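This is what each chain is made of:
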Amino acid sequence: MPSALSSTVEGLYHAHHSWLTGWLRRRLGCPQSAADLAQDTYVRLLQAREAPQLVEPRAFLATVAKRVLCNHLRRQELERAYLQALSQVPEQMAPSEEQKAVIFETLLELDRLLDGLPPLVKRTFLLAQVDGLGQTEIARELGISLATVKRYLNKAALRCYFAL
Amino acid sequence: MNTSFSSQVAEQAVHWLIESQGDDFDQAQQQALQHWLLADHEHQRAWAHIQQVNQRLRGVASPVVHATLQAPPSPARRRALKALLLVGVASAAGMGLQSHNPLPGLMADYRSPVGQRRRTHLDDGSLLQLNTRSAVDVRFDGQQRVVRLLEGELALDVARDARPLLLRTAEGALQLHSGHFNVREFEGFSLVSVFSGQASFAGQPLLPGQRARFTAKGWQAIAPLDPNSGAWVDGMLVASQMRLTDFLAELGRYRQGQLGCSERVADLRVSGSYPLDDSERILQMLEVALPVRVRRFTRYWVTLEPRLS
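Residues numbered from 1 in each chain as written. Chains lettered and ligands numbered in written order. Predicted model: local features only at pLDDT ≥ 70, side-chain atom pairs only at ≥ 80, totals over all residues.

### As for the overall build of chain A
Reasoning step 1: Across its full length, chain A carries seven helices and zero strands.
Reasoning step 2: Residue burial in chain A is summarised as follows: out of 164 residues, 29% are buried.
Reasoning step 3: Look at the contacts in chain A between residues 6 or more apart in sequence, and 62% of them connect residues 24 or more apart. (Helix = DSSP H or I, 4+ residues; strand = E, 2+ residues; numbered from the N terminus. Buried ≥ 20, exposed ≤ 12 C-beta atoms within 10 Å, placed from the backbone. Contact = placed C-beta atoms within 7 Å.)

Encoded structure:
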């Protein structure tokens, strides 16, 4: 790790840690999570490739913290949706506790990778790569042409496999 | 493992993935794909990367996936997202994606995909066979022969040679003397069966007709070998009075995705010889032999439950 980066982050931590925790607490209403997310924010900073040039440290911290906050809220959202979906599955079909955890981690990652794609593109991709449906079947199910299915798959695949 | 690729290679790999999944993918295209793969090591690496991600995706195949990922944003996150857009994200760049967890064996010398077996003659004349989803590295030099089992299961006919043959697993290194062996990697131990010859660890032998768990501490639970355990080299899964749930766990090794059964049929017993190359047919055979029916939520999510009479 470049030492310029770690000393910048250390400086930010000393000067603005309690401000950042307060800022997060106001948005979350929960001191415990605010402290956790403040830590996550600094961890995120330490993963940067180079030390940021800081003109307005608090604006910068807030930008990164918002990112962390969004991820946190999305995770909660997905967890809720996941548990809700699981409760609809017949008991004998339900995955084991261990599988549930593994599935959820993969879902989080998949959600992050596919984030921002139109819902129909996502759905096409999931039907093909997760459910194993053929492209003709997908075209029929979604009422779109085969060429469109391929175009959507191409778009989502570049994201999912190569983050492009 | 390095999972960064040039965008050109990535685009080509994705193109081939989608073509190969098309309903009109024919022999000529299959050859063109092979040609592309052989043309450059980067192509193979990108292709292997896609297969690895797909293996994980198939593991989550279930009705809950769509419901979960199509969940709309909550009001709190919508507000946060909006604020984020206003501030702009340029200063937070470079804090993007982590790479996927690499699976072991992707870059191994010999590997077999899910549901397939591989047979290879090594330089010393030994015969190496890999069962489903297995990976092995082989290093022979003037002094010794080293075979490393990275994941899965192998059968090895060790040829006579002046150099010792070391078999490495996650737990340690065994010496194998010429003979026939079966070794399978589990979580925390490997299961070694000696059909002929002898395996030894720190001077402690495992004899023909025996099998044992091999851990970092040596042999444990030495027992007579299960004659059915080597049937996979002939493409068979042989069961005698096996619990259905155990049988499906075994069969699941040869398939993509989830395969299981409801608790109410878990203790039914399965006996017989089943051809591994067609696991769908094995499921049909089970429906005939047992009071069960096969329920498919998706191609990769299959459960056996009691048949309603």
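Next, the rest of the story.
### Some thoughts on the overall build of chain B
Reasoning step 1: For chain B, the count of helices and strands is seven helices and 17 strands.
Reasoning step 2: Sorting the 309 residues of chain B into buried and exposed places 30% on the buried side.
Reasoning step 3: A sequence separation of at least 24 residues applies to 42% of the contacts in chain B between residues at least 6 apart.

### Observations regarding the nonpolar core
Reasoning step 1: Counting residues in each nonpolar core, the largest one holds 35 residues, and the members touching the most others are Leu-107, Phe-125, Leu-153 and Ala-157 of chain A together with Val-65 of chain B.
Reasoning step 2: Residue assignment for this core shows that the elements contributing at least two residues are α3 (57-88), α4 (97-114), α5 (119-130) and α7 (146-162) of chain A together with α1 (7-20), α3 (41-59) and α4 (63-69) of chain B.
Reasoning step 3: Looking at which element gives the most residues to this core, the answer is α7 of chain A, with eight residues.
Reasoning step 4: Among residues more than four places away in sequence, those in contact with Leu-153 of chain A are Thr-124, Phe-125 and Ala-128 of chain A together with Ile-18 of chain B.
Reasoning step 5: Val-158, Phe-181, Val-183 and Phe-214 of chain B belong to the second-largest nonpolar core, a separate cluster that totals 24 residues. (Core = buried A, V, L, I, M, F, W, Y, C linked by C-beta atoms within 7 Å.)

### A closer look at α3 of chain B
Reasoning step 1: If you check α3 of chain B, its first and last C-alpha atoms are 27 Å apart, about what 19 residues at 1.5 Å a residue would give, namely 27 Å.
Reasoning step 2: Among the residues of α3 of chain B, Ala-46, His-49, Val-53, Leu-57 and Arg-58 of chain B are the ones counted as buried.
Reasoning step 3: In this fold, the buried residues of α3 of chain B make contact with α5 and α7 of chain A together with α1 of chain B. (Expected span 1.5 Å × (residues − 1).)

### Looking at the pairing of strand β16 (residues 292-298) of chain B
All names here are of chain B.
Reasoning step 1: Of the pairings in the sheet, the one linking β16 to strand β17 (residues 301-306) comprises six bridges and is antiparallel in character. Within β17, the position partnered with Arg-295 by the bridge is Thr-303.
Reasoning step 2: Between the antiparallel neighbours β16 and β17 lie two residues. (Pairing = 2+ DSSP bridges.)

### Some words on the confidence of the model for chain B
The predicted structure's coordinates, where accompanied by low pLDDT, should not be read in detail.
Residues and elements named next belong to chain B.
Reasoning step 1: In this model, chain B carries a mean pLDDT of 84, and residues with pLDDT of at least 70 account for 85%.
Reasoning step 2: In this model, residues 84-106 is a region of pLDDT below 50 whose contacts with residues beyond four sequence positions or in other chains number 35 contacts.
Reasoning step 3: Across the assembled chains, the prediction reports ipTM 0.72 with pTM 0.57. (pLDDT = per-residue confidence, 0-100.)

### So, the environment of Glu-10 of chain A
Residues and elements named next belong to chain A.
Reasoning step 1: Within the secondary structure layout, Glu-10 lies in helix α1 (residues 3-28).
Reasoning step 2: Classification of Glu-10 by C-beta neighbours within 10 Å gives exposed; the count is 12.
Reasoning step 3: C-alpha of Glu-10 to C-alpha of Leu-46: the two residues are 36 residues apart in sequence and 9.5 Å apart in space.

### Looking at the sheet that holds β16 of chain B
All names here are of chain B.
Reasoning step 1: Overall, mixed pairing links the three strands, which are arranged β14-β17-β16 in an open sheet. Of all the strands in the sheet, the pair left with one neighbour each is β14 (258-261) and β16. The sheet shows a mean angle of 20 degrees between the axes of neighbouring strands, direction not considered.
Reasoning step 2: The sheet contacts of helix α6 (residues 244-252) involve β14 and β17, and relative to β14 the element is tilted by about 170 degrees.
Reasoning step 3: Packed on one face of the sheet, helix α7 (residues 279-289) meets β16 and β17 and runs near 145 degrees to β16. (Axes fitted to C-alpha atoms, helices over the stretch in contact; angles between N-to-C directions.)

### Description of α3 of chain A
Reasoning step 1: Compared with an ideal rise of 1.5 Å per residue, which puts 32 residues at 46 Å, α3 of chain A spans 47 Å between its outermost C-alpha atoms and is within 8% of the ideal.
Reasoning step 2: All of the buried residues along α3 of chain A are Leu-61, Ala-62, Val-64, Ala-65, Lys-66, Val-68, Leu-69, Leu-73, Arg-74, Ala-81, Tyr-82 and Ala-85 of chain A.

### Looking at the environment of Ser-279 of chain B
All names here are of chain B.
Reasoning step 1: Of note, Ser-279 is situated in helix α7.
Reasoning step 2: A count of 20 C-beta atoms within 10 Å places Ser-279 in the buried class.
Reasoning step 3: Spatially, the C-alpha atom of Ser-279 lies 8.8 Å from that of Gly-252, the residues being 27 residues apart in sequence.
Reasoning step 4: Once residues within four sequence positions are removed from consideration, Ser-279 is found in contact with Leu-251, Tyr-254 and Arg-255.

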